[in-house]
Amino acid sequence: MNYYALIDCNNFFVSCERIFNPKLVNKPVVILSNNDGCVVARSNEAKKLNIPMGAPFFKYESYFFLHQVHVLSGNHALYADISRRVFLTLEEFSYPIEIYSVDEAFIQISGSIDSLVEIGKAIKEKIYQWVGIPVSIGFAKTKTLSKIASELAKKNSSSNGVYVLEETTFLFKSLFIQDVWGIGKKYKEKLNSFGIITIFDFIKEDPNWIKNAFNILLVRTQLELQGIPCIEIPNHEDYPKSMVHSRSLKKDYEDQKEIYSLLISFLSKLSTKLRSKKLETEGVGLFLYGNRFKDRSSFHAYRQLDFSTNTTSVLIQFFKPLFEKFKNDPFPVKRVGIYFFDLKLATEKQLCLLKIPDEKKDLMKTIDAINKKFPQSKLRYGSEAVDPYKMLSKKNSSSLYTTSFQELLTIRI
DNA sequence: TCTGGGGTCCTAGGACCC
DNA sequence: TCTGGGGTCCTAGGACCC
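Residues numbered from 1 in each chain as written. Chains lettered and ligands numbered in written order. Predicted model: local features only at pLDDT ≥ 70, side-chain atom pairs only at ≥ 80, totals over all residues. Heavy atoms only, no water.

On to the pattern of salt bridges. Tallied over the entire structure, the rule returns 17 salt bridges. A salt bridge links E98 to K143, with the shortest nitrogen-to-oxygen separation between them at 2.6 Å. Taken together, the residues span a long stretch of sequence, with E98 in strand β5 (residues 97-101) and K143 in helix α6 (residues 143-155) at a distance of 45 residues. The same class applies to E98 and to K143, which are both buried. The salt bridge partner of D201 is K204, with a shortest N-O separation of 3.6 Å. What you see here is one network of salt bridges that share partners, running through E280, K349, E359 and K361. (Salt bridge = Lys/Arg side-chain N within 4 Å of Asp/Glu carboxyl O. Helix = DSSP H or I, 4+ residues; strand = E, 2+ residues; numbered from the N terminus. Buried < 20%, exposed > 50% of the residue type's maximum accessible area, 1.4 Å probe, protein only.)

Here's what the structure looks like:
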């Protein structure tokens, strides 16, 4: 029998922190978003204190203090590295795999229920032993069902973190549609308005009606819930179609030179990422937002290129006029972002009949190599901000234990 | 009164996910 | 005072074609 499994890291960001700081074990811990804005991860103990996902830090600060909640700024370089190690370990098992997010992966597997439980246990133990991250594993006939199974694995203490979902009819009468992968807030409200409350209600609806009232995605979800796989594991090495770098700022900024140089820093950072992944872009865009809790001002502009590139100077050249448009009708800026779209593999570069700007490939290579070797003293373009971080804020971050020699863990014996 | 019909392509916006 | 960031996919509607 063919199955899918979802391997899901438990409270991933918190678990990463706990590897290096055992004092956090069994304590309520929350991880904050950039700018220390809101809660993006919680330990089980923090969940028990009814701290919701997305809770704004400033509203909960005194509550955290009262309950001795450990509060950390997100250390995403660390989490990315731990994530990589988790999936390298999972790949040891040689099943077809899809890394779905920083803390989740699907695998495809066949076997009897008993053998699945054994394999699940083995995976769970190996990841914990090799990387130190606890995971939950859910097996089922489709990806959508395996999501539900992994939640059951997490909640069901008798399952030991591994759950095989077989019979669903009874279960679905007690599960709500909003617990289904692919059904968010809007769909939930609309489905509820038609009296569809549980997964059981949803499954017996006419697919044609769902197609007309919603879209093809929900029809797929419905089939998946009935055990008919519609969402496959991609069988090729995929690369991203777009890339964004965006941040909320410490305060509202009005100085256009400051905003511009920050955007150039972002552009430079994003092109470096593009090069490190051996990709090129055929489009560049930017967006600027005012403070979304006070005013709804926004600006958005993009430019399609006639060729693909990952050269910072070339991208700056095409970016400049986009920012000029903002100057016509400026507003105080609270959030900024740069994005690339229509990404292509650098190795499959299309030749262009038109004259394209000098790509300075060797210069880019040299700059990247120097910046990699000396991360403290970054080589940058003249128009980049000298210290982009002064426009952002970050307080309680843990160290880069696994990605920086300066910040290795110190152990006293 | 009554104003074609059928097709493709592109994009902005909206929904979802973590 | 203070509210994250990075992605994907689908669809309606407009522009354009004959």
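Our next topic: the protein's contact with DNA strand B. Neighbouring residues of DNA strand B: 14 residues in total, closest D103, E104, K147, Y187 and Y302. Looking at DNA strand B alone, sugar and phosphate atoms form 100% of those within 4 Å of the protein. One nitrogen or oxygen atom from the side chain of K147 is found 2.9 Å from a phosphate oxygen belonging to DNA strand B. In this structure, G184 approaches DNA strand B through a main-chain N or O atom, which is 3.1 Å from a phosphate oxygen. (Near = heavy atom within 4 Å. Polar contact = N/O pair within 3.5 Å; in protein donor to acceptor, adjacent residues only side chain to side chain.)

Along its sequence, chain A is carved into domain 1 (1-165), domain 2 (170-225) and domain 3 (242-391). Domain 2 and domain 3 are separated by 40 Å when their C-alpha centres are compared. (Domains from an automatic or database assignment.)

Packing of α6 against helix α11 (residues 216-225) brings their axes to within 7 Å, and their N-to-C directions diverge by 65°. Residue-level contacts link K143, T144, L145 and I148 of α6 to T221, E224 and L225 of α11. Looking at side-chain class alone, the contact of α6 with α11 contains three nonpolar, two polar and two charged residues. (Axes fitted to C-alpha atoms, helices over the stretch in contact; angles between N-to-C directions. Contact = heavy atoms within 4.5 Å. Nonpolar A, V, L, I, M, F, W, Y, C, P; charged D, E, K, R; others polar.)

The next point concerns the sheet that holds strand β4 (residues 70-73). Taken in spatial order, the three strands line up as β3-β2-β4 in an open sheet, and their pairing is mixed. On the outer flanks of this sheet lie β3 (39-42) and β4, each paired with one strand and no other. Put simply, the sheet's adjacent strands are angled 25° from each other on average, direction ignored. As defined by bridge partners, strand β2 (residues 29-32) adjoins β3 across three bridges and the pair is classed as antiparallel. Looking at β3, one finds that L32 is bridged to V39. Here helix α1 (residues 12-20) sits on the sheet in contact with β2, β3 and β4, set at roughly 110° to β2. (Pairing = 2+ DSSP bridges.)

Below, the discussion takes up the nonpolar core. Looking at soluble globular proteins, one finds that nonpolar side chains tend to be buried together. Counting residues in each nonpolar core, the largest one holds 36 residues, and the members touching the most others are L286 and L288. In terms of residues, this core owes the most to one element, helix α12 (residues 256-276), which gives nine residues. When near neighbours in sequence (up to four residues on either side) are disregarded, L288 contacts I259, L263, S297, S298, F299, F323, F326, F331, V333, R335 and V336. (Core = buried A, V, L, I, M, F, W, Y, C linked by side-chain atoms within 4.5 Å.)

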